[in-house]
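Notes for the structure review
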Amino acid sequence: MKQRSITEQMAQAASRDQSERRQMFLILLSSLKYLLRQGLPVRGHGDDNEGNLSQLLKSRAEDNVNLQNWIKTRAYQSPEILK
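Since the structure is predicted, the reported quantities are computational estimates derived from the model, not experimental observations.

Reading the values: the criteria
Residues numbered from 1 in each chain as written. Predicted model: local features only at pLDDT ≥ 70, side-chain atom pairs only at ≥ 80, totals over all residues. Heavy atoms only, no water. Helix = DSSP H or I, 4+ residues; strand = E, 2+ residues; numbered from the N terminus. Expected span 1.5 Å × (residues − 1). Buried < 20%, exposed > 50% of the residue type's maximum accessible area, 1.4 Å probe, protein only. Salt bridge = Lys/Arg side-chain N within 4 Å of Asp/Glu carboxyl O. Axes fitted to C-alpha atoms, helices over the stretch in contact; angles between N-to-C directions. Parallel < 35°, antiparallel > 145°, perpendicular 65-115°, else oblique. Left-handed = near helix turned anticlockwise from the far one by under 90°. Contact = heavy atoms within 4.5 Å. Nonpolar A, V, L, I, M, F, W, Y, C, P; charged D, E, K, R; others polar.

What follows is about helix α1 (residues 6-38). For α1, with 33 residues, the first-to-last C-alpha span of 48 Å sits near the 48 Å given by 1.5 Å per residue. Looking at α1, one finds that the buried residues are Met 24, Ile 27, Leu 28, Ser 31 and Leu 35. Of the residues trailing α1, Gly 39 is marked for its positive phi of about 75°.

Here it is in structure tokens:
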């Protein structure tokens, strides 16, 4: 069996990571679109973990392990993204 070079392995890992991040971003966008169509605020009162977006994503993550892991990083809650 031929082993792949380090460069090939790193490129493949980067491609998988990019694909996963794209999927999480599309889930985030569809969740935002849902909240906007319903006329609901994205953020709740007080802690951002209790906001509508956070709760909707947690609900959607019940059957998606990748989304559960992505939510734990809280990267989607950075001020730059929310603006």
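This is not the end of the story, as more comes after the structure.
This structure, assessed with the given rule, holds one salt bridge. Notably, a salt bridge pairs Arg 21 with Asp 17, separated by 3.0 Å at the nearest N-O pair. Here the residue Arg 21 and the residue Asp 17 both occupy positions in helix α1, the gap between them amounting to four residues, near one helical turn. With relative accessibility at 55%, the residue Arg 21 sits in the exposed group.

Okay, the packing of α1 against helix α2 (residues 52-60) next. One way to put it is that α1 packs onto α2 with a least axis distance of 10 Å and a crossing angle of 125°. Judged on the interaxial angle alone, α2 and α1 are oblique. Of the two elements, α1 crosses α2, and the hand of that crossing is right-handed. Across from Ile 27, Leu 28, Ser 30, Ser 31, Leu 32, Tyr 34 and Leu 35 in α1, the residues of α2 making contact are Asn 52, Leu 53, Leu 56, Leu 57 and Arg 60. Residues of the contact of α1 with α2, tallied by class, amount to eight nonpolar, three polar and one charged.

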